[in-house]
Amino acid sequence: MAKNSPVLILLGPPGAGKGTQARMLEEDFGLVQLSTGDMLRAAVAAGTEAGKKAKAVMEAGQLVSDDIVLAILRDRMSQPDVAKGIILDGFPRTDGQAAAFDGLLAANGQKVTAAISLEVNDEAMVGRVSGRYTCDKCGGTDMKRRAGDNAETVRERLKAYHAQTAPLIAYYNGKGVLQKIDAMGAIGDIRKALGSIVDGVSA
Ligand code: AMP
């Protein structure tokens, strides 16, 4: 990846709109969205060794092991299209992933440009995610619900978020790269708020 390319992280519970907003940042800024959830779903669909290990864990709403996720991400980051800069959606999700990612960037003389926390209300997320019928790739609404999107699993995923991922907000705050935005409003307003942040950090 080019040394000055932005490295942006979107933090937030399932349903906060990380995927939607990451795709908009791709369009608006020419960044590349890296979703570990999409990578893992592709591995499950392809029946790879990593996919076989990840399947049951994902269906239970728990986190896949750092080793599997980091291997999949490293592989993706070795491809040339990431040179323009990346927007991570759904990664890192644990302290271990955050530390390993910092190491990966440091080896290339880089660091996280901004970690943006999408602030939402948990209860609203259960309804939002368990009613989710949109296609991850195209945003169309005629696709089947994603695996793991029933209300019970969503609650498990929220628990995993609070126990393992929310502490990363303090981690990035400590590094001076944290930004927070209210993500309960209209998609277009959130897109604008994110756009101003990205303009600010890439100036
Ligand atoms: P997502 O599409 O980001 O909500 O991810 C769907 C599921 O994939 C999660 O509930 C986890 O089981 C798994 N997953 C995605 N990203 C990660 C990650 N960075 N670390 C561990 N598990 C992950």
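In this report, the structure presented in the accompanying data block is examined. Being a predicted model, the structure only gives us computed values, none of them experimental.

## Some points on helix α6 (residues 122–130)
Turning to step 1, where the next piece is worked out: Buried within α6 are the following residues: M125, V126, V129 and S130. End-on, the buried residues of α6 take up no more than an arc of 105°, which puts them together on one face.
Turning to step 2, where the next piece is worked out: Looking at the packing, one finds that the buried side of α6 touches α7 (151–165).
Turning to step 3, where the next piece is worked out: The backbone nitrogen of E123 has a side-chain oxygen 3.1 Å away, supplied by the residue at the start of α6, namely N121.

## Quick look at helix α9 (residues 187–202)
Turning to step 1, where the next piece is worked out: With 16 residues, α9 extends 22 Å from end C-alpha to end C-alpha; this agrees with the ideal 22 Å at 1.5 Å per step.
Turning to step 2, where the next piece is worked out: Where α9 is concerned, the buried positions are I190, L194, G195, I197 and V198. Taken down its axis, α9 places every buried residue within 165° of arc, on the same side. Turned more than 90 degrees from where α9 packs its buried face, K192 and G200 sit exposed.
Turning to step 3, where the next piece is worked out: Of the surrounding secondary structure, the elements contacted by the buried residues of α9 are β1 (7–11), α1 (18–29), β4 (114–119) and β5 (178–182).

## Quick look at the pairing of strand β3 (residues 86–89)
Turning to step 1, where the next piece is worked out: By the alternation rule, side chains of β3 split into I86 and L88 and I87 and D89, which are all buried.
Turning to step 2, where the next piece is worked out: Sheet topology note: the β1/β3 ladder contains 4 bridges and is parallel. Bridge pairing links V7 to I86 in β3.
Turning to step 3, where the next piece is worked out: The sheet contact formed by strand β2 (residues 32–35) and β3 spans 4 bridges and is parallel. Note that in β3 the partner of S35 across the bridge is D89.

## Some words on the nonpolar core
Turning to step 1, where the next piece is worked out: I9, L34, L73, I86, L88, F101 and Y172 are the most contacted members of the largest nonpolar core, which has 31 residues in total.
Turning to step 2, where the next piece is worked out: Those residues in contact with L88, other than ones at most four positions away along the chain, are L8, I9, L10, L34, L73 and F101.
Turning to step 3, where the next piece is worked out: Membership of the second largest hydrophobic core comes to 18 residues, among which are A22, L31, I87 and L118.

## So, the environment of G131
Turning to step 1, where the next piece is worked out: As for its placement among the helices and strands, G131 is situated in the loop between α6 and α7.
Turning to step 2, where the next piece is worked out: Counting along the chain gives 18 residues from G131 to D149, while the straight-line C-alpha distance between them is 7.8 Å.

## Considerations on the site of the ligand
Turning to step 1, where the next piece is worked out: The local shell around the ligand holds 15 residues, among which T36, R41, Q62, Q97 and R157 are the closest.
Turning to step 2, where the next piece is worked out: A distance of 3.1 Å separates a nitrogen atom of the ligand from a polar atom in the backbone of V64.
Turning to step 3, where the next piece is worked out: Here R157 contributes a side-chain N or O atom positioned 2.7 Å from an oxygen atom of the ligand.
Turning to step 4, where the next piece is worked out: Protein chains bury 96% of the 480 Å² of accessible surface belonging to the ligand in isolation.
Turning to step 5, where the next piece is worked out: For the shell around the ligand, the element with the most residues is helix α2 (residues 36–46), which contributes 4 residues.
Turning to step 6, where the next piece is worked out: Classifying every residue of the shell around the ligand by side-chain character gives 6 nonpolar, 5 polar and 4 charged.

How each quantity is defined
Residues numbered from 1 in each chain as written. Predicted model: local features only at pLDDT ≥ 70, side-chain atom pairs only at ≥ 80, totals over all residues. Heavy atoms only, no water. Buried < 20%, exposed > 50% of the residue type's maximum accessible area, 1.4 Å probe, protein only. Helix = DSSP H or I, 4+ residues; strand = E, 2+ residues; numbered from the N terminus. Arc of directions from axis to C-beta. Contact = heavy atoms within 4.5 Å. Polar contact = N/O pair within 3.5 Å; in protein donor to acceptor, adjacent residues only side chain to side chain. Expected span 1.5 Å × (residues − 1). Pairing = 2+ DSSP bridges. Core = buried A, V, L, I, M, F, W, Y, C linked by side-chain atoms within 4.5 Å. Near = heavy atom within 4 Å. Areas by Shrake-Rupley, 256 points an atom, 1.4 Å probe, with all protein chains shown as cover. Nonpolar A, V, L, I, M, F, W, Y, C, P; charged D, E, K, R; others polar.

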